[in-house]
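Observations on the model geometry
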Amino acid sequence: MSKYADELAQTAAAMVAPGKGILAIDESAPTIKKRFDAINTESTEATRRNYRDLLITAPGSNEYISGMILFDETIRQSTTDGVTFPQALIDQGIMPGIKVDTGAKDMAGHAGEKVTEGLDGLRDRLAEYRQLGATFAKWRAVITIGDSIPSDACIEANAHALARYAALCQEAGIVPMVEPEVLMDADNSIERCYQVTEQTLQALFHELHRQGVAMQHTILKVNMIISGKQCPTQADVQEVTDQTVRCLRNTVPASIAGIVFLSGGQSAELATAHLNAMNAAYKDLPWPLSFSYGRALQEPCLKAWEGKAENVEAATQALLHREKCNSLACDGRYSAEMEATAL
Ligand code: 13P
């Protein structure tokens with residue numbers, strides 16, 4: 001048991017406190033460039049700072065958001081007023097988190113599959129991030145569905161790395177947010193997504209146990225059980241809700257501190273509707289179900305911003321709207337009509 005047990009328990013509970021979720025703003029340099037390309041904005045150190053400043057300082061976010069996941073560059077940057085970003089979050093009662101993996105790389109001998117890197121030197125990096133204010137850390141493994149993939153080798157290699165990272169986090173007093181993401185980009189059915197996600201979560205929890213990771217000090221970040229984007233038949237909200245909850249009940253220990261979903265390419269409104277339906281229909285789950293969205297929280301905000309200072313106010317409102325909708329979805333109080341009304 002980590003000497004930080006009490007602190008870890010407190011952090012993990014606060015991350016999934018009622019009506020609160022996580023805003024993921026930890027896009028790596030190539031990913032944020034892709035997002036900025038879509039709004040014709042150059043990605044420079046200055047434009048990335050301006051954008052993250054908007055997200056971090058949006059007034060009132062702390063009603064809906066418990067933590068934000070930062071990228072290495074971002075945790076070292078400051079607000080326009082010169083306060084470091086992690087301190088600016090702490091001042092609002094929002095916990096700074098940090099992405100600590102160094103990316104999903106092609107897996108040798110396994111065409112089309114990825115394994116996430118970043119274990120080398122991780123103990124020292126975690127100590128530094130804790131100094132900088134981080135209280136939780138994310139590691140994302142990517143599992144791709146395709147012809148005869150994922151392989152057992154890919155699932156196991158990624159589960160092993162996730163467990164090693166999680167153990168190092170707990171040793172350092174940092175809550176691990178373990179993220180095995182089964183991608184939703186292919187043409188697979190929802191049944192195939194269920195089967196691959198179930199296998200991935202079984203492997204993950206097996207490794208977490210084997211490596212002594214404390215469940216009650218861990219947050220799971222996971223995909224919903226959903227039809228692949230290219231699949232001609234798209235499962236409806238009810239089916240996504242039921243299949244996702246069934247999969248989690250079959251694989252996730254009751255002692256885990258909380259489960260948060262990634263949005264994975266779902267539209268902003270659908271990601272909210274799915275979370276809401278789960279929390280409305282299932283009141284007796286052993287863990288809180290909340291959100292840790294990147295795109296589904298940021299997309300309307302990015303579009304409104306377009307890289308222009310004069311749009312910061314509109315972009316901030318777009319962000320707060322999505323944050324509030326998802327906060328309400330944490331206890332099944334969201335409805336589609338809320339999209340039409342200003343909050
Ligand atoms: P999306 O919600 O855009 O999938 O991103 C969440 C995330 O942090 C993925 O690692």
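Residues numbered from 1 in each chain as written. Predicted model: local features only at pLDDT ≥ 70, side-chain atom pairs only at ≥ 80, totals over all residues. Heavy atoms only, no water.

**Some thoughts on helix H3 (residues 45–57)**
The condition is simple: The helix count covers DSSP runs of H or I at least four residues long, the strand count covers runs of E at least two residues long, and both are numbered beginning at the N terminus. By definition here, a helix of n residues has an expected span of 1.5 Å times n minus one. Each residue is assigned to one of three classes by its accessible area relative to the maximum for its type, calculated with a 1.4 Å probe on protein chains only: buried under 20%, partly exposed between the two thresholds, exposed over 50%.
With 13 residues, H3 extends 18 Å from end C-alpha to end C-alpha; this agrees with the ideal 18 Å at 1.5 Å per step. Among the residues of H3, those classed as buried are Thr47, Arg48, Arg49, Tyr51, Arg52, Asp53, Leu54, Leu55 and Ile56.

**With respect to the site of the ligand**
Note the following rule: Proximity is defined per residue: if any heavy atom of the residue lies within 4 Å of a molecule or strand, that residue is considered near it. Pairs of N or O atoms within 3.5 Å make up the polar contacts considered here, provided that, within protein, one atom can donate a hydrogen while the other can accept it, and that residues adjacent in sequence are counted only when both atoms are side-chain atoms. Per-residue accessibility takes into account occlusion by the displayed protein chains alone, with areas from the Shrake-Rupley method and a 1.4 Å probe. Under the scheme applied, nonpolar residues are Ala, Val, Leu, Ile, Met, Phe, Trp, Tyr, Cys and Pro; charged residues are Asp, Glu, Lys and Arg; polar residues are all the others, including Gly.
Around the ligand, the structure places 13 residues, and the nearest of them are Lys138, Lys221, Ser263, Gly264 and Arg295. Between the ligand and the protein, one listed contact pairs an oxygen atom with a backbone N or O atom of Gly294 at 2.7 Å. Coverage of the ligand by the protein chains reaches 91% of its 300 Å² of free accessible surface. Those elements that place two or more of their residues in the shell around the ligand are strand S6 (136–143) and strand S10 (289–293). Residue composition of the shell around the ligand, by class: 3 nonpolar, 4 polar and 6 charged.

**Some points on the packing of helix H6 (residues 122–131) against helix H7 (residues 152–171)**
Going by this rule: Where helices are involved, their axes are fitted lines through C-alpha atoms of the stretch in contact, as for all axes, and angles between N-to-C directions lie from 0 to 180°. For classification purposes, angles smaller than 35 degrees are called roughly parallel, those larger than 145 roughly antiparallel, those between 65 and 115 roughly perpendicular, and all remaining angles oblique. Rotating anticlockwise by less than a right angle from the far helix to the near helix defines a left-handed crossing, while the corresponding clockwise rotation defines a right-handed one. By definition in these notes, contact holds between two residues if any of their heavy atoms fall within 4.5 Å.
Remark: H6 packs on H7, axes separated minimally by 10 Å, with the N-to-C direction vectors making an angle of 45°. Judged by the angle between their axes, H6 and H7 are oblique. The two elements H6 and H7 meet at a crossing, and its hand is right-handed. The residues of H7 that touch H6, namely those facing Leu122, Arg123 and Leu126, are Tyr165, Leu168, Cys169 and Glu171. Here the contact of H6 with H7 is composed, by residue class, of 5 nonpolar, no polar and 2 charged.

**Some words on the packing of aromatic side chains**
We apply this condition: Stacked, edge-to-face and tilted are the three classes for Phe, Tyr and Trp ring pairs, Trp counted by its six-membered ring, which pair at centre distances within 6.5 Å; planes under 30 degrees apart are stacked, over 60 edge-to-face, the rest tilted.
Counting across every chain of the model gives 5 aromatic pairs. Residues Phe36 and Tyr51 carry aromatic rings whose centres are separated by 5.7 Å and whose planes lie at 80° to one another, so their mutual orientation is edge-to-face. With Phe36 in helix H2 (residues 29–37) and Tyr51 in helix H3, this pair connects stretches of sequence that are 15 residues apart. A single burial state applies to Phe36 and to Tyr51, both of which are buried. Ring pairs connect the aromatic residues Phe36, Tyr51 and Trp305, which therefore count as one cluster.

**Quick word on the state of the cysteines**
Put simply, the rule reads: Only a pair of cysteine sulfur atoms within 2.5 Å qualifies as a disulfide here.
Counted by the stated rule, this structure contains 0 disulfides. With no disulfide of its own, Cys247 lies 7.8 Å from the sulfur of Cys193, the closest cysteine sulfur. Residue Cys247 is classed as buried on the basis of its relative accessible area, which comes to 1%. With no disulfide of its own, Cys325 lies 12 Å from the sulfur of Cys330, the closest cysteine sulfur.

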